[in-house]
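Residues per chain are reported as follows:
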Amino acid sequence: QHNPHFFPNRTGIVHLFEWKFKDIARECETYLSPNGFGGVQVSPINENAIVFKRPWFERYQPISYRIITRSGDENDFRNMVTKCNTVGVRVYVDIVVNHMAAGNGQVNGTGGGTAFIPDKSYPNVPYNETHFHETCAINDYNNAVEVRNCELVGLPDLDQSLEYVRARIVNFMNKLIDFGVAGFRMDAAKHMWPNDLSVIYNRLNNLSNYFATGSRPFIYQEVIDLGGEAVKKTEYISLGAVTEFKFSLEISRAFRGHNELKWLKSWGVKWGLLPSKYSLVFVDNHDNQRNGAGGSEILTYKFPKMYVMAVAFMLAHPYGTPRIMSSFFFDFIDQGPPANVSTEEIISPKILSNGTCTNGWVCEHRWTEIVGMIGFRNRVRGEAIANWWDNDNNAIAFCRGNKGFVVFNNEPDDLQLTFNTCLSRGNYCDVISGRKSGNICTGQQISVNEKGKSVIRIKAQSVVAVHSGAKI
Ligand code: QV4
Ligand code: CA
């Protein structure tokens, strides 16, 4: 359950946060597939509580396991999964089964269902109070029993040791597998017992006929472990991959200038990160781009220069399975996705002629630098890091075999040097400042001589990346 099942020569999971299924289907066909992305993570797809002012976080408050949210209904979801698989892009679903919706009295759901919270009654599953742990709050993260059996921010806590609860979860997940999903993000995995998760995962079907016979779902579990708590990320790695929040924090610290880039020479397990195959990596996610888990250190779209460098490093380096955050613009933490003020329907991203998004959507995955590095990662797959260079401070460079070369300059001044690129003689397009278009570069062109050497100028706080797929 550690294999993401990407199609050959594809990589990266894009989290299309709060996107509608119809828009995701179109994005698979028109952008993600042609540009080599591996898959998409969708926001929770099951019926959720309608919360006043429609904050994004209402999607983490389940009312039932019927597929109906502001992203679309079951039919839209199925169509999307079929379309994305057909063009070689996998779908991963965010699964929220640690808890159900909170509230004071009756709560209404996005599919017309209701729940009565004081009785822990969710008739459209159905769950009643016998399916939950006793009410208690999580206050002490040094107490694993409390973390697993009490309530995360007051959300009624399901008891996954019960056969009835396990069966509801397994049936929901198996339905999605049969629709053709490739796997799952397990929300709040820290708050569930590894043994219960193990039973649930083992009862999941093999993947559908879009996959090799006998394929198991890819599972990546949300366990925030920055050290110092009772629950450890290593408790979950035999079950599936784990979201590596230490990666997010350390990479953000480095490219913010709070830790010299030269130290990245030993990036990986030596930094206390999980072994690569267990590690789902990202610069920011939908939580820590707002607050929490690393807080103010985390780089996001709001710091574009440093963010691009960090994402480029993540994609240039072979460690982990990378996930790209694709956000909507926000001014305050709870702000929901762009929506029509009267109908509250989510507004689709509009794509401009230069390929970027508008209508309130950031679409980091469409930034030239980020999509360019997806192409780089696909091209250098399987090639080791070679010829590490650094200036003993905040400029670093390395090759990936003889297929790719990348240099990062996080110094206050531009840098110009002769580098050994490991590449064969010829002209290459920098995939950060532009791309290869026919026989020209829309950005910087890099000439490599017969010795593999090239004089390269890298602006302050930027990256230059070339690979054999962008040779002209
Ligand atoms: C409020 C009070 C509580 C009180 C409760 C009583 O704050 O003290 O007990 O009312 O009813 C929202 C509100 C929160 C509110 C809660 C219940 O923000 O103030 O509690 O609803 O009404 C997201 C948001 C949460 C949000 C939640 C449910 O981040 O703010 O809570 O959705 O809508 C830890 C965990 C980790 C978790 C992370 C945020 O280990 O697992 O916190 N991350 C995942 C998701 C995250 C999501 C959840 C888990 C919950 O990535 O997005 O929380 O599904 O680190
Ligand atoms: Ca729990």
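Residues numbered from 1 in each chain as written. Chains lettered and ligands numbered in written order. Predicted model: local features only at pLDDT ≥ 70, side-chain atom pairs only at ≥ 80, totals over all residues. Heavy atoms only, no water.

1. Observations regarding the site of ligand 1
So, step 1. Around ligand 1 lies a shell of 18 residues, among which Phe57, Asp187, His191, Glu222 and Asp287 are the nearest.
So, step 2. The backbone of Val153 places a nitrogen or oxygen atom 3.3 Å from an oxygen atom of ligand 1.
So, step 3. A distance of 2.9 Å is found between an oxygen atom of ligand 1 and a side-chain nitrogen or oxygen belonging to His286.
So, step 4. Protein coverage of the free-state accessible area of ligand 1, which is 940 Å², stands at 66%.
So, step 5. Class assignment of the residues belonging to the shell around ligand 1 gives a composition of 9 nonpolar, 5 polar and 4 charged. (Near = heavy atom within 4 Å. Polar contact = N/O pair within 3.5 Å; in protein donor to acceptor, adjacent residues only side chain to side chain. Areas by Shrake-Rupley, 256 points an atom, 1.4 Å probe, with all protein chains shown as cover. Nonpolar A, V, L, I, M, F, W, Y, C, P; charged D, E, K, R; others polar.)

2. Side note on the layout of surface pockets
So, step 1. The calculated volume of the largest pocket comes to roughly 760 Å³.
So, step 2. For the largest pocket, the lining is made up of 25 residues, of which Trp56, Leu152, Val153, Glu222 and Asp287 are closest to its centre.
So, step 3. Classifying every residue of the lining of the largest pocket gives 12 nonpolar, 6 polar and 7 charged.
So, step 4. At 5 residues, helix 8 (residues 368–379) tops the list of elements feeding residues into the lining of the second largest pocket.
So, step 5. The residue makeup of the lining of the second largest pocket, split by class, is 6 nonpolar, 15 polar and 3 charged. (1 Å grid on protein atoms, 1.4 Å probe; cavity = no way out; pocket = protein on both sides within 12 Å on 5 of 7 lines; lining within 4 Å. Points joined across faces, edges and corners; volume = space filled by probe spheres on them. Helix = DSSP H or I, 4+ residues; strand = E, 2+ residues; numbered from the N terminus.)

3. What about helix 1 (residues 21–32)?
So, step 1. Over its 12 residues, helix 1 runs only 14 Å from end to end, short of the ideal 16 Å by more than 12%, given 1.5 Å per residue.
So, step 2. Restricting attention to buried positions, one finds in helix 1 the residues Phe21, Asp23, Ile24, Ala25, Glu27, Cys28, Tyr31 and Leu32. (Expected span 1.5 Å × (residues − 1). Buried < 20%, exposed > 50% of the residue type's maximum accessible area, 1.4 Å probe, protein only.)

4. Some points on the sheet that holds strand 4 (residues 62–69)
So, step 1. The sheet built from 3 strands is open, its strands ordered 3-4-5 with antiparallel pairing. Sheet topology places strand 3 (46–48) and strand 5 (72–73) at the edges, where each strand pairs with a single neighbour.
So, step 2. When strand 4 meets strand 5, the two strands line up antiparallel, connected through 2 bridges. When the bridges of strand 5 are listed, Thr69 appears paired with Gly72.
So, step 3. Packing of helix 4 (residues 163–179) onto the sheet brings it into contact with strand 3 and strand 4, and relative to strand 4 it is tilted by some 15 degrees. (Pairing = 2+ DSSP bridges. Contact = heavy atoms within 4.5 Å. Axes fitted to C-alpha atoms, helices over the stretch in contact; angles between N-to-C directions.)

5. Concerning the sheet that holds strand 1 (residues 11–16)
So, step 1. The strand order 1-2-6-9-10-11-12-13 describes a closed barrel built from 8 strands, whose pairing is parallel. Pairs of neighbouring strands in the sheet enclose a mean axial angle of 30 degrees, with direction left out of account.
So, step 2. Running over the sheet, helix 7 (residues 304–316) touches strand 12 (279–281) and strand 13 (321–326) and is turned about 150 degrees from strand 13.

6. Description of the coordination of the calcium ion (ligand 2)
So, step 1. Only Asn98 (OD1), Arg148 (O), Asp157 (OD), Asp157 (OD) and His191 (O) from the protein reach the calcium ion (ligand 2) as donors, at distances of 2.4 to 2.6 Å.
So, step 2. Going along the chain, you hit the donors of the calcium ion (ligand 2) in the pattern N-x49-R-x8-D-x33-H. Of this pair, Arg148 sits in helix 3 (residues 144–149) while His191 is found in the loop between strand 9 (183–186) and helix 5 (194–202), placing the two residues 43 residues apart along the sequence.
So, step 3. Among the residues examined, Arg148 registers a relative accessible area of 2% and is labelled buried. (Donors = N, O, S within 2.8 Å, 3.2 Å for Na, K, Ca; no water.)

7. Looking at the state of the cysteines
So, step 1. Counted by the stated rule, this structure contains 5 disulfides.
So, step 2. The disulfide that involves Cys28 links it to Cys84, with 2.1 Å between the sulfurs. Its S-S torsion of about 90 degrees marks the bond between Cys28 and Cys84 as right-handed, since a negative value means left-handed. Separated by 56 residues along the polypeptide, Cys28 in helix 1 and Cys84 in helix 2 (residues 74–86) bring together distant segments of the chain.
So, step 3. Given a relative accessible area of 0%, Cys28 falls into the buried group.
So, step 4. Given a relative accessible area of 0%, Cys84 falls into the buried group.
So, step 5. Paired by a disulfide, Cys357 and Cys363 hold their sulfur atoms 2.0 Å apart. The sign of the S-S torsion, about -85 degrees, decides the handedness of the disulfide formed by Cys357 and Cys363: left-handed.
So, step 6. Cys357 gets classed as buried once you look at its relative accessible area, which sits at 11%.
So, step 7. Looking at Cys363, the relative accessible area reads 1%, which means it is buried. (Disulfide = S-S within 2.5 Å.)

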